[in-house]
Each structure stands twice: as structure tokens, then as C-alpha cells.
Amino acid sequence: MARSALQGLKVLDLAWVVAGPLVGRALADFGATVIRVESSKRVDTARVLGPFPNGEFDNQASVGFEGCNANKFGITLDLGRQEARGVVRDLAVWADVVIESFLPGQMARFELDYPRLKAISSRLIMLSSSLTGQTGPTAQLAGFGNIGAALSGLTQIVGREGEKPIGPYGPYTDYVAPRFGLLALLAALDRRRRTGEGCHLDISQVEGAVTFLAPQVLDYQANGRIAKCQGNRDDHFAPNGVFRTKEKDRWVAITARDDAEWHALAMLIGGPALVEDGRLADLASRKQREDELEVIIEAWTIHHDAFEVERLLQAAGVPAHIAATSADIIADPQLKAIGSFVRLPHPRFGETVFDAARTRLSETPARYERPAPTFGRDNEHVLHEILGYSQDRISALHDTGVLT
Amino acid sequence: LLLRLVERADVFIESSNPGVMVGLDLDYERLRKVNPRLVYVSITAFGAEGPKAHYADSELIVWAAAGPLALCRTPDALPVRISVPQAYLHAASDAACGALIALLARAETGFGQHVEASAQVSSTLCTLFAHLAEAVGHRDYSVGAASSSMHKGHSKLDLSGSGSRTEKTKWLARDGLVELHVGLGSAGGRFANALFAWLSEIGACPDEFISWDWVTLPQRILDGEITLDQVERARDLVGEVLARYTRDELVAVAQARGFMLAPLLTTADLLDSAQLNARGFFVPVDEAGRLRALSAPFRSCGADIANLRPAPAIGEHNAEVFAELGLSRAALQNLTERKIV
């Protein structure tokens, strides 16, 4: 079997919740040895997030935690204890990379900030992920990614036009930030390969998300136009909407990207009369009568099964897809064909499931070797095999509650 | 000409519909023969192969297929997207990461490879793992906001820190909207406690809620000691108090008291953000005489980060690039006249 892309890379992962741990997850998928440090005294939020097997709460069975930490080794350390921080320092000497996502300043209070760790591990690359960055007036603002979404302008632009915004689903900046963190970290690894030098990377969740709004920020600068809620509509396409179907709470999304696609759609739902309706012939007229347009489409979709709408429209070359629920996604033939879901045996609940790596490499593919750790699963392996601690020393750490 | 560029390139990036590059004889198998060190990056909507590879796509269609659309509901249950494109940005970021991983692998193996990202796969992350609920038998985990809060049983309690399944998380302050999740359990509970400590200090907390520990509230709800209606009443009370203050006042209190609250900023507010400006996030770039502020999302201590340059005008660097290939000025002139360049 080919070697893994990041084989030999050693990562100490002190991050928690979602945005930070996803970076180490990607490194582990491509062959890095990642040691995730957590404490069972202050349970990682991802462990209570779910979903849970059969809907039964179990903080060692959260699919959210699995998704962020599969493939990693896991140890428990109470970082409030001096001895635990000693273990972290030993791991930092072992590591090429340290990842953390505490409130800015916390690593310094632990005496584990970059200058201190660099002093004992000179080539170290450290990635700090936080809500608004390590510096600046709001550096100390705590928040999950829903707060990040509000601060980055995203919450303001989800909802119907003229109504109170509802914001994106969940902590949106948690989905954006790990991509920027991983990108910066990989670039820093390449730089270290060439120069021998490490560095400290400061990733702000909000800054990543604002970068995902770069066209809208530029639109404001150039044209004075402020991005706002517009339901499912789009300036460049009509229709671009989500419609009811025959079954209750079953929705289908439909777009016509140009007049030809509108004609194909019109032929299906209204025949030649609708195709030839000059009042809807081009984008400008359809945008002008968009309410009416959507009523016409829904009057047709409401009599059809959502999958049937998708099938008929796609067969005619018109973009359409059901609004997929979890059941649809698990059964999705495309995601199955790509191999999007990984199932591994799990010692506690039979089988675990998580998403495969979100980028596919032909020669050094991702590998999935272990489920996310239960509390302290790899304490022995890490402390004895990797750090070379004696059994006596490990027992002492255990007995004094450092390994909790 | 393109193959001569490929010979010298580290990375090749394409985002055409599946099959197009094969038709142009520029697919991965062809180009790796020209340059075995090439990292070839493909970005598609659904994937290069598979039953939906040739699906007609749009931002909305990918968002629908990946799961976040069905999760995000208006109060009357309409699934809504984010009003600006996002799905392909997630895919682009994943593709960029894949390219760098392949470059690091190449440093060891000497060979390039094919890197693929699909917007559908990339966007499934935007469900916060709700898309996997059915795979483990967590029924109705993904219930929309309209119906989420009134169900009974532990499987329906929203224990997330962000309030991903809670209806009331946006509030009207005196001068605009703020985001605040009054959370339950170990993720959000301590922040709710900090909020209620403040409410009680300003005399705005009825006795009914004063003794609540929001961290242990889920168990008390399950035990039937506290009803979800009471929780909703407590949240409504929060709304009444927030309405008396300005957003700046609330942010100051939140930061001092350690609960999580933020104003809903607009794209206009961003350019004036004290935080973003303190960190030099917006970089002024001269784009053919027009001054534009571009985003610079990377900060590092110890590593220099490349200067931002404006996007090129059409053909802006033709002379530079083709000179590197060894093309004479006359040859380039000829190609330009024949409309090949």
C-alpha cells in the first residue's frame, strides 16, 4: 500500500468543540499521528451535541464528536494541574504541530503559549483558532460559531426578504474556519520543509467567514449595496426557489439558470402555452413577476412526488433536487458512490459512522483506522509508548487525578 | 501552449463539468504523462463519477442535496438557503487543502496526483452532523425550528452550544438585532447562568427562574420538574430585557459577564468593524484606479504572508507568462493576431 500523504507528521491537538478539532481530523485522515487532549471534567461540547445512537444521550457516543475526532488518539488531562501541563510540554517537544482553540490568553495562563513552547520545540508550528482572533478589542469575546455568524454578516442574510433574519443553521463559522486553519497549517508545513522554521498561525472564525462574503463586501464598496435576505431568490436566476410537493413537509429546490432552462421547465409544467407566455420570456420579466412565477411552479409541484419532480426536471436538463433530509442523505446514491460515509466497529456501541475526508486524493487516499477516542482511551499508549513514561510514573499521574 | 505550461506547473486547477476535460484531451491521465509531478485539482458539483455526476446544478440545488437547506427553516417552515452563494466556496477551500496535502506528499514521493472535491460533499459539513442522524437511528434529530421545541424526551433537547435546533436565538435590542442562545446543559448552560445572574442583579429576573442552574436543567426537564413551556417563558423574559438596551450596551455587558451575545452585522458594518480593522483584515488594493479593500484571512507570527494583488484583467500577464515559455515577442504577436492567445 502507498504511504500516506502526511505519514510521520506528529500533531498535538488541544482544540475543542468543532472548528479547531476538524483541522486535526483532516491531518489524521491523511496519515498524521494526532493526539487529542481533552478533560472529562469539562466535557467537550461536541460530546453533548449528538446525534446519538438511537437518540439516547451518551457523551461517549456523539456523532458530532466522532466527526471531529475520528482517527485520532485520545488522552485525558486536567490542564488545571501543573503535572498535566508538564505532560503537554513533553508532547509539544514530540510534536511538529500544536493546535488549540481556547479563549485567547488561556494558553498563556497555562504557561503553554507559543513563545514558551517554541523555546522547548524550536521548529514547532502552532495554530490558534478563535472567534475573532488573538488580538484586537474583541479578542476576549467568547462565542460559538453562531456568534461568529452574526459578527461576520451571515446571520443577517438568511431568511425571507423584509422579515426578521433567521440565520444559517448552527454555528456557521465552525464550518468555514477549519478550512482556513488547515490551509494555513499546510502552507506553514511546506514553508518549514523549505526553511526549517516554525511559526504561530492566528485564525479568526469571523475573518474566514467574511472572506466567504468577499463579493458582497466588494459590492457594498463599489455600489453601496448592502447584502440582505432574499429568501431563496437570486439576482441572476428565476426561478430559484424551494417548493412544496405532494407529501407533507417534502420540498424540492428548482433553478432555471437561463431562458432555455425556463423553457424546458415551462414545457413540463404548463406546456406550449406557458413556454410562449411572453410575460415570462426573459430573466428580467421573470424577476419582475417572481411571486406569480413561483405560484405557477408550486401549483404543479404540489401534485407531484418530490423525487419525481427532481427526476423529471433533471431529465430535461433543469437543476432540481429534493431538500434532502438525513434519511435522504444516508441513502443518496451519489454520496454512496463517492464513499462519503465511513463505518468502523466501535467497542462501545457496535458501529460508528462519520464523514469521509472532504477531499479525495488518488495516490495517497485518506485512511480510517480508529473511531474517535472514548475518555482516556489511549492514555497508556501515548504516555508509555510515545513519551516513554514508566509504569510507576503513569500510575502516579493516574492516582493523583491528573489523567481525568 | 497549455501543455507547455503544464510541464512547468506544480498545480493544475479545473472546475468544468465532468467529462469536459476528457473531451479536450486535458484530463488527469493525459496531463500526468506530460508532467508526473503535477497535482491536478478538479472541483465539481456532485463528483466526476456517480449517478448525479451530470446533474444540472446551482448553488441552491447543491445546498438542497447536501442537507443544510432542509435544516434551516423560516417560522412557517419554508427551507431557506443563505442568500448568497456558499457551497462552491466550501468545495474550493477543501480543494485548496487537498492540493497542499498532495504537494506535501509529492515532496516525499516525487509524484503528483489527482485531487477532487465536490460541492455536495463539502457542504454536508454545514449541517453540524445532523445529516448523519439517520445512520445511527436518532429519529427526528433534524426537526425544523418550527416544531423543535415542543417535543418531549431527551432526543429532542437541543444541547448544542449554538442553539442550532432552538427557535429563539435572534432578539431585537433597542437599535437592532442581536444573536444570543439561552442554552441548556454543559455546552450552553454556564453562559445562560451568567446571563441570568446579570438579569437578577438588575432586578429583572422573577423568582421562578432565580434558582435555575441551566447546566443541570436538561435532567430536571426530563424528570418533569420543569416544563419546556417554562423554558420558553424564561427565553421570552430575556427578549423583554434585551429590548431595553442598545446593542453596544449589551455587547459590553456580555463581554464583562461572560455570556455570548453579538450584534447581527451587515456587509456595510464589516468595513467599519473595530476588530477587523485593528487586525488589518481589509487590505487596500488598487484595481485599475479603483481602490478596493480585499479580505486577508491569514495572520502569522514568524511567517510572511504574500501580498494581496488585484485579480488580473483579461490577458494582463500574457507577455510575462509566454516569455517564460521562451516565446518570442513576434511569436506572441502572431498568436494574438490569430486569436489563439
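Check the entry above for the structure.
Residues numbered from 1 in each chain as written. Chains lettered and ligands numbered in written order. Predicted model: local features only at pLDDT ≥ 70, side-chain atom pairs only at ≥ 80, totals over all residues. Heavy atoms only, no water.

A. Region of the structure containing the interface of chain A and chain B. At the interface, 141 residues of chain A touch 128 residues of chain B. Between chain A and chain B the total buried area reaches about 11800 Å² when both faces are included, carbon and sulfur atoms providing 64% of it. When residues of chain A are sorted by the area they lose upon contact with chain B, Y169, R179 and R358 of chain A head the list and together hold 7% of the total. At the junction of chain A with chain B, the criterion picks out ten salt bridges. (Contact = heavy atoms within 4.5 Å. Buried area = accessible area lost by both parts, 1.4 Å probe. Salt bridge = Lys/Arg side-chain N within 4 Å of Asp/Glu carboxyl O.)

B. Up close: the environment of A243 of chain B. All names here are of chain B. With respect to the helices and strands, the residue A243 is situated in the loop between α12 (228–242) and α13 (247–257). On the basis of relative accessibility, which here comes to 36%, the residue A243 falls in the partly exposed class. Ignoring anything within four residues of it in the chain, the contact list for A243 reads L172, A173 and R174. (Helix = DSSP H or I, 4+ residues; strand = E, 2+ residues; numbered from the N terminus. Buried < 20%, exposed > 50% of the residue type's maximum accessible area, 1.4 Å probe, protein only.)

C. Broad picture of the sheet that holds strand β2 (residues 33–38) of chain A. The seven strands are arranged β3(A)-β2(A)-β1(A)-β4(A)-β5(A)-β6(A)-β9(B) in an open sheet whose pairing can be described as mixed. Edge strands, defined here as strands with exactly one partner in the open sheet, are β3 (73–76) of chain A together with β9 (299–301) of chain B. Recorded for the sheet is a direction-independent mean angle of 20 degrees between the axes of neighbouring strands. Sheet topology places strand β1 (residues 10–13) of chain A next to β2 of chain A; four bridges connect them, and they run parallel. Within the sheet, the bridge partner assigned to V11 of chain A lies in β2 of chain A and is V34 of chain A. (Pairing = 2+ DSSP bridges. Axes fitted to C-alpha atoms, helices over the stretch in contact; angles between N-to-C directions.)

D. The arrangement of helix α14 (residues 306–315) of chain A in detail. Residues and elements named next belong to chain A. What α14 keeps buried is the set A306, V309, E310, L313 and Q314. Along the long axis of α14, the arc covered by the buried residues comes to 115 degrees, so they all point the same way. In α14, those exposed residues whose orientation departs by more than 90 degrees from the buried face are R311 and A315. In this structure, the buried side of α14 is in contact with β8 (251–255), α11 (259–275), α13 (290–301) and β9 (320–322). Measuring from the backbone nitrogen of F307 back to the side-chain oxygen at the start of α14 gives 3.0 Å, which picks out D305 as the cap. Two residues or fewer past α14, G317 is found with a positive phi of approximately 80 degrees. (Arc of directions from axis to C-beta. Polar contact = N/O pair within 3.5 Å; in protein donor to acceptor, adjacent residues only side chain to side chain.)

E. Highlighting unusual backbone geometry. The peptide bond linking G50 of chain A to P51 of chain A adopts the cis configuration, its omega dihedral lying at -10 degrees. Checked against the element boundaries, P51 of chain A lands in the loop between α2 (46–49) and α3 (63–69). Of note, the phi angle at D25 of chain B is positive, near 60 degrees, even though the residue is not glycine. Tracing the backbone through its elements, the reader meets D25 of chain B in the loop between α2 (20–23) and α3 (28–34). One non-glycine residue, F129 of chain B, adopts positive backbone phi at about 75 degrees. Positionally, F129 of chain B belongs in the loop between α7 (119–123) and α8 (145–148).

F. A look at helix α10 (residues 214–223) of chain A. What α10 of chain A keeps buried is the set Q216, V217 and D219 of chain A. Buried residues in α10 of chain A, looked at end-on, bunch into an arc of 155 degrees, giving them a common side. In this fold, the buried residues of α10 of chain A make contact with α9 (205–211) of chain A together with α14 (267–271) and β7 (282–287) of chain B. Of the residues flanking the end of α10 of chain A, it is G224 of chain A, one or two places downstream, whose phi is positive at about 70 degrees.

G. Representation of the pattern of salt bridges in the model. All names here are of chain A. A full pass over the atoms with the stated rule returns 52 salt bridges over all chains. In this structure, the salt-bridge partner of R25 is D29, at a minimum N-O distance of 2.9 Å. Here R25 pairs with D29, and both are found in helix α1 (residues 21–29), just four residues apart, close to one helical turn. Here R25 matches D29 in class, with each residue buried. With its nearest N and O atoms 3.1 Å apart, the salt bridge here joins D190 to R194. In this pair, D190 and R194 are both assigned in helix α8 (residues 173–195), four residues apart and thus about one turn of the helix distant. R194 gets classed as exposed once you look at its relative accessible area, which sits at 54%. A network of salt bridges, in which partner residues are shared, links R233, K287, E290, D291 and E294.

H. Up close: a nonpolar patch on the surface. Residues L2, L5 and V321 of chain B make up a contiguous nonpolar surface patch of roughly 200 Å² in combined accessible area. Within the secondary structure, L5 of chain B is located in helix α1 (residues 2–8). (Patch = residues over 30% accessible without salt bridge, like charges linked within 9 Å, V, L, I, M, F, W, Y side chains within 5 Å. Areas by Shrake-Rupley, 256 points an atom, 1.4 Å probe, with all protein chains shown as cover.)

I. A look at the sheet that holds strand β1 (residues 11–14) of chain B. Reading across from one edge, β12(A)-β3(B)-β2(B)-β1(B) is the order of the four strands in this open sheet, with mixed pairing throughout. Since the sheet does not close on itself, it has two edges, and those belong to β12 (360–361) of chain A together with β1 of chain B, each with one partner. Where strand β2 (residues 39–44) of chain B and strand β3 (residues 114–118) of chain B come together, five bridges link them in parallel fashion. Bridge pairing links V41 of chain B to V115 of chain B in β3 of chain B.

J. Representation of the nonpolar core. With 199 residues, the main nonpolar core has L27, L77 and L91 of chain A together with F196, W214 and F259 of chain B as its most contacted residues. If we ignore the near neighbours within four places in the chain, the residues touching L77 of chain A are V37, E38, S39, A84, V87, V88, V402, L403 and T404 of chain A. Listed in part, the 19 residues of the second largest apolar core include A256, A266, L293 and I297 of chain A. (Core = buried A, V, L, I, M, F, W, Y, C linked by side-chain atoms within 4.5 Å.)

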